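Observations on the three-dimensional arrangement
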Amino acid sequence: MTDEHLIAQLKQRDRNALKTVYLDYKTEFFKFMSRYKADAIVLEDIFQDALIVLYENAQNGKLDALKSTVKTYLFGIGKFMLFKHFRDGKKEVPTEETYLFDKYEQAVIEEVHEDEGPNEYQKKMVTNFKKLGEKCREILELFYLQGMKLDEITQTQGYDNKDVAKSQKSRCLKSLKQLIGKNNG
Amino acid sequence: MDKETLINSYFENSLGKDQLKEFEQLMKTDSEFASEVDFQKELQHSFKKNERQEIKQMLGDLNIVENDTETKVFSIRPWLAAASIALLVGVGTWMLFFTNTDINTNQLYASNFAPYDNVVHPIERGNAMINIKDKAFTAYEDGDYSMALKLFKQLQIEQTDPYITFYEAIVLMQLNNHQDAIPLLKAYIENDGQLKDRATWYLALSHLKMDEIENSKTQLKKLVDQDGFKMKAARELLEELE
């Protein structure tokens, strides 16, 4: 698979493409990182997190004008995370050049690396979200997760006009709140 | 701009300077407005964190499958080696005493060939199978090879995952169609597929089954030199062939 093809698939939120990247680069990633003498469990965790960053940054358009290969970018993320892990653990950090990420990319890397999963309330939100009808799940996910604008949603999902989409979204948020409230009491 | 539109534009990142000021002002003074924004932000976070968790789970499963296969290969290997030696001694003796014909490639093939585990596409049984890939690998795992072949052929047209070529070749071998399996394995190896060493082993076996001993030996030598997957089995098989 070429890098362009891969980036296109990631932008389409194709998670199976991530599986391919995982299988294709895992051995090499571990080899590449072996000189820093990190624990295998830590490395596995970092490799998986790095793939998530790759996935999210592809969607954010950060890979559209990528000057290196995807592999270099991915390994750069891994190195950045590992050094951060060392710093946090007060371990001596190798002084080495790392891939140059912009502020936005760094923020994503740190956020993903420190993400400890959804809390109880967030889990409850997702559980109740799944109980909504298909139309509601679709519009909420497109707007809040995929970052689509209401104008785009109106066009691609066949709403008559923006106001229809807007009030549909508003109704869905209300239903979700009611579901969460119901399961609270 | 009404409050709802203001909030929507905030999430769309399209607020102008003045509107942003208005938004921030409302966040401070209008508690209903603020709690609505907080709810929607929380929903956004929940989505994101949930997606990350799902991806980690998917990759974690892949890691488990990988490790399982490694141990399986490792634990089967001594047994397989012992079995193939026993068989070879038997076959060898039989040949010495009763015939002068060449090596029995069929026997050697049968004692060495086993379909490779599905390590690329974990199947969750019980889930509705929506895509062809799920169906193909389920058929593969179930040993329904003619069905698997049909589905893999279809996948080849629609997808670019290189490992599909590899698994299609294994299916062809199962169906005793080595003529078609060989070019697929060769192509997969040439394209530097992730399971390249595995493919080399299967290529050696396909050549063996076709009675192309020299070709088979070439592939086995590669495995012995690489000192990795199936190195021991390859060495033993090579000794037999020589």
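In this text, all values refer to a predicted model and were calculated from it rather than measured experimentally.

Examining the overall build of chain B
Per the secondary structure count, chain B includes 11 helices and zero strands. Ordered by position in the sequence, the α and β elements of chain B form the string α-α-α-α-α-α-α-α-α-α-α. With 242 residues in all, chain B has 29% of them scored as buried. The contacts of chain B with a sequence gap of at least 6 include a subset with a gap of at least 24, amounting to 45%.

Notes on the environment of Y202(B)
Residue and element names in this part refer to chain B. You can see Y202 is positioned in helix α9 (residues 196–209). In this structure, the C-alpha to C-alpha distance between Y202 and N112, residues 90 residues apart in sequence, is 9.6 Å. Dropping the residues within four chain positions of it, Y202 is found in contact with A169, I170, M173 and L185.

So, the interface of chain A and chain B
The figure often quoted for interface size is the accessible area lost as the parts come together. Facing the 30 residues of chain A at the interface are 28 residues of chain B. Counting residues per element, the ones that place at least two in the side of chain A that touches chain B are α2 (15–33), α3 (40–59), α6 (120–129), α7 (134–145) and α9 (162–182) of chain A. Looking at the side of chain A that touches chain B element by element, the count peaks at seven residues for α2(A). In terms of residue class, the side of chain A that touches chain B is made up of 15 nonpolar, six polar and nine charged.

Considerations on the packing of α7(A) against α9(A)
Residues and elements named next belong to chain A. Contact pair α7 / α9: the axes reach a minimum separation of 9 Å and the direction vectors enclose 105°. With respect to each other, α7 and α9 are oriented roughly perpendicular. Note on element contacts: α9 touches α7 through A165, Q168, K169, C172 and S175, opposite K135, C136, I139, L140 and F143. Within the contact of α7 with α9, the residues separate by chemical class into six nonpolar, two polar and two charged.

As for the environment of I109(A)
Residues and elements named next belong to chain A. Within the element layout of this structure, I109 appears in helix α5 (residues 103–114). Taking the C-alpha atoms as reference points, I109 and V53, separated by 56 residues in sequence, lie 6.1 Å from one another. Once you skip the residues sitting within four places of it in the chain, I109 turns out to touch V53, I77, F80, M81 and F101.

Digging into α9(A)
Residue and element names in this part refer to chain A. In this model, α9 (21 residues) spans 30 Å end to end at C-alpha, consistent with the 30 Å of a helix rising 1.5 Å per residue. Turning to α9, its buried residues number three or more, namely A165, Q168, K169, C172, L173 and L176. Down the axis of α9, the buried set is contained in an arc of 135°. They therefore lie on one face. Projecting away from the buried face of α9 at angles above 90 degrees are the exposed residues D163, V164, S167, K174, Q178, G181 and K182.

Details of the packing of α3(A) against α5(A)
Residues and elements named next belong to chain A. Packing of α3 against α5 brings their axes to within 9 Å, and their N-to-C directions diverge by 135°. Here α3 is positioned oblique relative to α5, judged by the angle of their axes. Like other packed secondary-structure pairs, α3 and α5 cross with a definite hand, here right-handed. Two secondary-structure elements touch here, α3 through D49, I52, V53, E56 and N57 and α5 through E105, V108, I109, V112 and H113.

So, how was this worked out
Residues numbered from 1 in each chain as written. Chains lettered and ligands numbered in written order. Predicted model: local features only at pLDDT ≥ 70, side-chain atom pairs only at ≥ 80, totals over all residues. Helix = DSSP H or I, 4+ residues; strand = E, 2+ residues; numbered from the N terminus. Buried ≥ 20, exposed ≤ 12 C-beta atoms within 10 Å, placed from the backbone. Contact = placed C-beta atoms within 7 Å. Nonpolar A, V, L, I, M, F, W, Y, C, P; charged D, E, K, R; others polar. Axes fitted to C-alpha atoms, helices over the stretch in contact; angles between N-to-C directions. Parallel < 35°, antiparallel > 145°, perpendicular 65-115°, else oblique. Expected span 1.5 Å × (residues − 1). Arc of directions from axis to C-beta. Left-handed = near helix turned anticlockwise from the far one by under 90°.

So yeah, pure geometry; function would need other evidence.
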